[in-house]
Amino acid sequence: MQHQAHKLTELVKEKKHQNFSTRFIAITSGKGGVGKTTISANLGYVLASSGFKVALFDADIGLANLDVALGVRTEDTILDVLKGSKRLKDIIVNVSENLYLIPGESGEEILKFGDDFILDKFFEEENMFNDFDYVIVDTGAGIGESVQNFLVASDEIIIVTVPEPSAITDAYALIKVMSEKNGKLNLLVNQVRSEKEANSVYKKITTVASKNIENCNINLLGAINRDENIEKSIRKRVLFAKEFPQTLPSSQLNRISTLIVSNMEHNMLLEEEQGFVRFFRKLLGKF
Ligand SMILES: Nc1ncnc2c1ncn2[C@@H]1O[C@H](COP(=O)(O)OP(=O)(O)OP(=O)(O)O)[C@@H](O)[C@H]1O
Ligand SMILES: [Mg+2]
């Protein structure tokens, strides 16, 4: 774990040095309740504690939201910004050092605001956000249109599943839909009993995918064990990576974080428009 943490710190230095723009990571799933919010919040914490400036963007309004997971209160959301009644800097919540929360709304609500005037106003503020290294988008579950928009707009997609057959089936359905739109997908298997179990889930999915999906590229990002410390942390509204840094899930998450950062930097493409402008334009279909 020490080694992983060190590697992340090295990557921070490298990234700062190269002056990369904001990268968007979408955390999604086919079936609900598999651990998206828990993973988003803890991944955000791990990246932030390595020195990256991170924003967590809540694009879901389920019962267990990011604000609950992070133990913070929120009032206004991104919708108020899109409506023009609030500035982005007013709605953002500083959770801890380097870690921020952008309170969201359901994807459908956000996507209603494709109006050019509002968007231009919104983009005027994007400069203050370009110093975020990563924005982690916690999306709703399933293959709905709005979730797909968030996924297509992001630089990296992480599909979370658990080893249950129904979750695997739903993850596969999402992979099938997304493969047509986005070549590369990452799989994270949560609540496993062993790494072996994660490998077998990955194998099940890729075996079916290779027969039925053209150009399907699924990368097994890693696994997180089922652990009572995670349940305990959720009940206490604290982050397991912070409360229990010496446990197996924390070291698994550290490894995953390092992989994400190094993969993303290797895949970096030089786009003319970067960061928030690119993300929201893609999201709202304004190319
Ligand atoms: N690795 C784990 N070990 C044990 N319990 C876990 C683990 N990951 C998640 N959980 C449990 O699963 C529940 C659901 O997690 P979470 O709210 O993060 O899922 P979600 O995918 O965001 O759900 P939703 O689709 O409703 O937004 C948590 O309350 C927690 O009890
Ligand atoms: Mg959630």
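Up top is the structure.
Fair warning: this is a prediction, and the values are worked out from it, not measured in the lab. (Residues numbered from 1 in each chain as written. Chains lettered and ligands numbered in written order. Predicted model: local features only at pLDDT ≥ 70, side-chain atom pairs only at ≥ 80, totals over all residues.)

A. A look at the site of ligand 1. In the vicinity of ligand 1, 21 residues are found, and the nearest of them are Gly-32, Gly-35, Lys-36, Thr-37 and Thr-38. Considering only residue class, the shell around ligand 1 consists of seven nonpolar, nine polar and five charged. (Near = placed C-beta within 6 Å. Nonpolar A, V, L, I, M, F, W, Y, C, P; charged D, E, K, R; others polar.)

B. Representation of the pairing of strand S6 (residues 156-161) within the structure. The buried fraction of S6 is high, at six of six residues. With five bridges joining them, strand S1 (residues 23-29) and S6 adopt parallel strand pairing. By the bridge assignment for S6, Ile-27 is matched with Ile-158. Regarding topology, helix H9 (residues 165-181) serves as the crossover connection from S6 to the parallel strand S7 (residues 184-192), and that connection is right-handed. (Buried ≥ 20, exposed ≤ 12 C-beta atoms within 10 Å, placed from the backbone. Helix = DSSP H or I, 4+ residues; strand = E, 2+ residues; numbered from the N terminus. Pairing = 2+ DSSP bridges. Right-handed = clockwise from strand over helix to strand, strands pointing away.)

C. Broad picture of helix H10 (residues 195-212). Here H10 spans 26 Å end to end across 18 residues, near enough to the 26 Å set by a 1.5 Å rise per residue. Three or more residues of H10 are buried, namely Ala-198, Val-201 and Ile-205. In an axial view of H10, the angular spread of the buried residues amounts to 65 degrees, which keeps them on one side of the axis. For H10, exposure combined with an orientation more than 90 degrees from the buried face picks out Lys-196, Lys-203, Thr-207, Ser-210 and Lys-211. Those residues of H10 hidden inside the fold are in contact with S6, H9, S7 and strand S8 (217-225). (Expected span 1.5 Å × (residues − 1). Arc of directions from axis to C-beta. Contact = placed C-beta atoms within 7 Å.)

D. Quick peek at the packing of H9 against H10. It is at 11 Å that the axes of H9 and H10 come closest, and there the two elements cross at 45 degrees. Of the possible angle classes, the one that applies to H9 and H10 is oblique. Crossing handedness for the pair H9 and H10: right-handed. From H9, Ile-168, Ala-171, Tyr-172 and Ile-175 reach across to H10, where they touch Val-201, Lys-204, Ile-205, Val-208 and Ala-209. Grouping the amino acids of the contact of H9 with H10 by side-chain chemistry returns eight nonpolar, no polar and one charged. (Axes fitted to C-alpha atoms, helices over the stretch in contact; angles between N-to-C directions. Parallel < 35°, antiparallel > 145°, perpendicular 65-115°, else oblique. Left-handed = near helix turned anticlockwise from the far one by under 90°.)

E. Seen up close, unusual backbone geometry. Positive phi values are uncommon outside glycine, yet Asn-215 reaches one of about 50 degrees. With respect to the helices and strands, the residue Asn-215 is situated in the loop between H10 and S8. A positive phi angle, close to 60 degrees, is found at Arg-237, a residue other than glycine. Position of Arg-237 relative to the elements: it lies in the loop between helix H11 (228-236) and helix H12 (240-243).

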